[in-house]
Amino acid sequence: MPNEEESAFAHAPVPPDATAAYGELPDQLVDFYRPGRLLAGRPAPLVVLFHGGAWRAAYDRAHISPLAAFLARRHGFAVASVEYRRGADGGGPLAGRWPDTLDDAAAATEAVPALAVAALGDESVDPRRIVLAGHSAGGHLALWAAARHVLPSDSRWHRTTPPPLRGVVALAPIADLTSARALGVCSDAAVQFLGGHFEARLPHADPAVLVPTGIATTIVHGATDSDVPPQVAEAYADASAKAGQEIQLTVLDGVGHFPLIDPSADAAAVVAEEITQLAW
């Protein structure tokens, strides 16, 4: 809904408390937000957050910084907001870069725990309590990064063991690429992302294929989301159930795509609660 989008993007970007590089390239950066309070004096869980924007260059982590600050300062998480390579140089319409976007998602999730401790201090962040989160295309990346141990053994991103996570909270994620293609999600972003090799690359990129993960997974989706319709999340949930793992799918009535990342919307409080349920 246009008014929901306007509200979400009306917030000024929030500067991070620290920024670090997880690679040598300009987009391989992560912003850190210090927890506003510590529960019983304990270090805070770490939320690793991937922004959305259909994997396109026009959208960067600045637009999700108000949510990052909300989670940190209002809800007491340490937050790492990840940048990654996207789209075409110069902000063209192409969605994602193959294999660069997934290279960055994998590298960031490996590097961020140690970077967070270095940036915020071990008194502020507990790297043993990590929740991956992401919105829209970033929700895809969060689900995918949590499933790298399920990738084919010859995949460049295959991980031999499950990542040490408390869980994943994906917000209106592009969670099933086949469903996204059928629905033309985000102007055929999934097709562009896989670069004309959709069927061949699907086993390496589609979270709905990479199930079960054995990692606690929650999806929060708006019932009236027209950007990424809830059928995409439902397809992922069905695939996971058929593979033997039930996930938590929370569908919010009367909510579209953007309130999930809008600190002034009730939906963002639901997101924070779902993260809390997994983080502790």
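Provided above is the structure to which this section pertains.
Being a predicted model, the structure only gives us computed values, none of them experimental.

Student: Can you walk me through the overall build of the protein in this structure?
Tutor: A count of helical and extended segments in the protein gives 9 helices and 8 strands. Compactness check: the protein gives a C-alpha radius of gyration of 17 Å against a globular reference of 19 Å for 280 residues, within 12% of the reference. Projected onto its principal axes, the C-alpha coordinates of the protein cover approximately 50 × 45 × 40 Å. Counting all 280 residues of the protein, 56% fall into the buried class. Just so you have it, the protein exposes about 10,700 Å², and 51% of that area is on carbon and sulfur atoms.

Student: Looking at this model, I keep getting lost on the sheet that holds strand S3 (residues 44-50). Mind explaining?
Tutor: In sheet architecture, strand pairing relies on hydrogen bonds along the backbone and comes in two forms, parallel and antiparallel. Spatial strand order, S1-S2-S4-S3-S5-S6-S7-S8: 8 strands in an open sheet with mixed pairing. Sheet topology places strand S1 (18-21) and strand S8 (248-252) at the edges, where each strand pairs with a single neighbour. Here the strands of the sheet are splayed against their neighbours by 20° on average, with no regard to which way each runs. Of the pairings in the sheet, the one linking S1 to strand S2 (residues 29-33) comprises 4 bridges and is antiparallel in character. Paired with Ala-20 across the strands is Val-30, a residue of S2.

Student: I tried to follow helix H9 (residues 266-279) on my own but got confused; where do I start?
Tutor: The periodicity of an α-helix, 3.6 residues per turn, causes residues three or four places apart in sequence to face the same way. Taking 1.5 Å per residue, 14 residues should reach 20 Å; H9 reaches 20 Å between its end C-alpha atoms and fits that length. Contacts from the buried residues of H9 go to S3, helix H2 (65-74), strand S5 (125-135), strand S6 (167-171), strand S7 (217-222) and S8.

Student: Got a minute to help me understand the packing of aromatic side chains in this structure?
Tutor: The description of an aromatic ring pair rests on the distance of the ring centres and on the angle between the ring planes. Evaluated as defined, the whole model comprises 6 aromatic pairs. Put simply, the rings of Trp-55, Trp-98, Trp-144, Trp-157 and Phe-193 pair up and form one aromatic cluster. For Arg-181, the ring lying beneath its charged end belongs to Phe-198, and the centroid distance is 4.1 Å.

Student: What exactly am I supposed to notice about the packing of H2 against H9 here?
Tutor: Axes are the key here: two packed helices are described by the angle between their axes and the distance separating the axes. It is at 11 Å that the axes of H2 and H9 come closest, and there the two elements cross at 55°. Between H2 and H9, the interaxial angle falls into the category oblique. Relative to H9, H2 is oriented so that their crossing is right-handed. Residues Leu-67, Phe-70 and Leu-71 of H2 pack against Ala-268, Ala-269, Ala-272 and Ile-275 of H9. Its residues placed into classes, the contact of H2 with H9 shows 7 nonpolar, no polar and no charged.

Student: Quick question: what am I supposed to make of the nonpolar core here?
Tutor: Where a protein is soluble and globular, its nonpolar side chains tend to be buried together. Residues Leu-46, Trp-55, Val-112, Trp-144, Ile-174 and Leu-177 are the most contacted members of the largest nonpolar core, which totals 61 residues. It is helix H3 (residues 100-120) that contributes the most residues to this core, 7 residues altogether. Those residues in contact with Leu-46 that lie beyond four places of it in its chain are Ala-78, Val-79, Ala-80, Val-112, Pro-113, Ala-116, Val-125, Asp-126, Arg-129, Ile-130 and Val-131. Ranked by size, the runner-up nonpolar core spans 32 residues in total, among them Leu-67, Ala-69, Val-169 and Leu-278.

Student: Which parts of the structure should I look at to understand the pairing of S6?
Tutor: When a strand is regular, its side chains alternate between the sheet's two faces. Counting buried positions along S6 yields 5 of 5 residues, so the element is predominantly enclosed. With 5 bridges joining them, S5 and S6 adopt parallel strand pairing. Its bridge partner being in S6, Gly-134 is matched across the sheet by Ala-170. For the crossover from S5 across helix H4 (residues 137-145) to S6, the handedness is right-handed. One ladder, built from 4 bridges, connects S6 with S7; its direction is parallel. Counted as the bridge partner of Val-169 is Thr-218 from S7.

Student: What am I meant to see in the pattern of salt bridges here?
Tutor: As a working rule, side chains carrying opposite charge can pair if their charged atoms are close by. Under the defined criterion, the tally for this structure stands at 13 salt bridges. Measuring nitrogen to oxygen at the nearest pair gives 3.7 Å for the salt bridge that ties Asp-100 to Arg-85. Of this pair, Asp-100 sits in helix H3 while Arg-85 is found in the loop between strand S4 (78-82) and H3, placing the two residues 15 residues apart along the sequence. Owing to a relative accessible area of 13%, Arg-85 belongs among the buried residues under this scheme. With a closest N to O distance of 3.0 Å, Asp-103 and Arg-156 form a salt bridge. Pair noted here: Asp-103 is in helix H3 and Arg-156 is in the loop between H4 and S6, with a separation of 53 residues, a long-range link.

Analysis parameters
Residues numbered from 1 in each chain as written. Predicted model: local features only at pLDDT ≥ 70, side-chain atom pairs only at ≥ 80, totals over all residues. Heavy atoms only, no water. Helix = DSSP H or I, 4+ residues; strand = E, 2+ residues; numbered from the N terminus. Rg over C-alpha atoms; globule rule 2.2 N^0.38 Å. Buried < 20%, exposed > 50% of the residue type's maximum accessible area, 1.4 Å probe, protein only. Areas by Shrake-Rupley, 256 points an atom, 1.4 Å probe, with all protein chains shown as cover. Pairing = 2+ DSSP bridges. Axes fitted to C-alpha atoms, helices over the stretch in contact; angles between N-to-C directions. Expected span 1.5 Å × (residues − 1). Contact = heavy atoms within 4.5 Å. Phe/Tyr/Trp six-rings, centres within 6.5 Å; stacked < 30°, edge-to-face > 60°. Lys NZ or Arg CZ within 6 Å of the ring centre and 35° of its normal. Parallel < 35°, antiparallel > 145°, perpendicular 65-115°, else oblique. Left-handed = near helix turned anticlockwise from the far one by under 90°. Nonpolar A, V, L, I, M, F, W, Y, C, P; charged D, E, K, R; others polar. Core = buried A, V, L, I, M, F, W, Y, C linked by side-chain atoms within 4.5 Å. Right-handed = clockwise from strand over helix to strand, strands pointing away. Salt bridge = Lys/Arg side-chain N within 4 Å of Asp/Glu carboxyl O.

Geometric values such as these leave the question of function open.
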